[in-house]
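Overview (structure and organization)
Spelled out from the first residue to the last, the chains are:
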Amino acid sequence: MSIPHFHENSSFFQPSAFLLIGIPGLEAVHGWVSIPFSSIYTVALTGNCLILLAVRRTPSLHQPMYYFLSMLALTDLGLTMCTLPTTLSVLWFDYRHIAFDACLVQMFFLHSFSVVESSVLLAMSFDRFVAISNPLRYASVLTNSVIGRIGMAIVARATVSLFPVPFLLKRLSFCPRKILLSHSFCFHADVMKRACADITVNILYGLYVVLSTVGIDSLLIVLSYGLILHTVMSLASPRERIRALNTCVSHILAVLVFYIPVIGVSMIHRFGRHAPPIVHVLVAYVYLIVPPVLNPIIYSVKSKHIREAFLKMLRRKDQGLFGQGTLTGT
């Protein structure tokens, strides 16, 4: 495999490309490893597309809760598509090169979608709080225009927060022989460590982004559920309490599915320097792939309305096929 060239200007080095890695220690069986990965990506793409289709085609799902669910599905699709091309290129074809600028672009979108997902989960917790604490004003508070503004604010927040990151990396001088990344995609912490320069500014800004987005979001989600629990406990009927809490189960599971891997990735990058490379790789895959796979499953299992929408779409498809068969005389 050819070594990427470097742009040299006195002591300033910038690689023309980085080298990606698949599963450390399993390079010989990457063809077999690609089978479960391809299946996982297929499930993630199919599940989230079905969620979007169900909400779009079912008038009864044109409600704030399901609009936010659509935002989550759209974000999961984006997160999946960020890593799919490079991961499958490494596993299928052993194509490990990624251009320096392409790496920065992938990194920007990957982390942006992560911030968007955190923000959407926060918006969904606000949705649950309004629905439980003030159900009579639910529709008047979360109107379509308000939801649209929330969506635009979420995208703007992620874009503004992550926009400086590629430029902060581009100013660094990189080590000529440290071009092998630790994943099959570009992570900020991973790319940053390949520099042969002072990365204090990058570390501090990365920490600021994490704390000001995912950190604040997680605290506000906890606060929302504290207020929800306080409201639920004030209900007189135990049956009403259970019914109210049951509407939050899907969202709570989605929060756990997202934030537990986030904590795992943070811990492994901070304290797992001596952990085997495969541990870093697997934790990163869990962080990026598991939420897009599990979120559609969680909501389709726990939400009766989503299940009914799926069944209606299947019936329409069957009726369409039956109608075509009748017309052709088969």
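Residues numbered from 1 in each chain as written. Predicted model: local features only at pLDDT ≥ 70, side-chain atom pairs only at ≥ 80, totals over all residues. Heavy atoms only, no water.

Focus: the packing of helix H2 (residues 64-93) against helix H11 (residues 277-302)
Two numbers describe how H2 lies on H11: the axes approach to 10 Å, and their chain directions differ by 140°. By the angle class used here, H2 and H11 are oblique. The chirality of how H2 crosses H11 is left-handed. Residues Leu69, Leu72, Asp76, Leu79, Thr80, Thr83 and Thr87 of H2 form the contact with H11, whose own contacting residues are Tyr285, Leu288, Pro291, Pro292, Asn295 and Tyr299. Looking at the contact of H2 with H11 residue by residue, the classes come out as eight nonpolar, four polar and one charged. (Axes fitted to C-alpha atoms, helices over the stretch in contact; angles between N-to-C directions. Helix = DSSP H or I, 4+ residues; strand = E, 2+ residues; numbered from the N terminus. Parallel < 35°, antiparallel > 145°, perpendicular 65-115°, else oblique. Left-handed = near helix turned anticlockwise from the far one by under 90°. Contact = heavy atoms within 4.5 Å. Nonpolar A, V, L, I, M, F, W, Y, C, P; charged D, E, K, R; others polar.)

Observations concerning the state of the cysteines
In protein chemistry, a disulfide is the covalent bond that joins the sulfur atoms of two cysteines. Under the counting rule described, the total for this entry stands at two disulfides. Here Cys103 is linked by a disulfide to Cys186, with a sulfur-sulfur distance of 2.0 Å. Since a negative S-S torsion denotes a left-handed disulfide, the Cys103-Cys186 link at about -125° is left-handed. Of this pair, Cys103 sits in helix H3 (residues 100-133) while Cys186 sits in the loop between helix H6 (164-170) and helix H7 (188-192); the two residues are 83 residues apart in sequence, bridging distant segments of the chain. Judged by its relative accessible area of 0%, Cys103 falls in the buried class. Sulfur-sulfur distance for the disulfide between Cys175 and Cys196 comes to 1.2 Å. Between Cys175 and Cys196, the S-S dihedral sits near 115°, and the bridge is therefore right-handed. A residue pair is termed long-range when its members are at least 10 positions apart, and Cys175 in the loop between H6 and H7 and Cys196 in the loop between H7 and helix H8 (200-233) qualify at 21 residues. The exposure class of Cys175 is buried, given its relative accessible area of 8%. (Disulfide = S-S within 2.5 Å. Buried < 20%, exposed > 50% of the residue type's maximum accessible area, 1.4 Å probe, protein only.)

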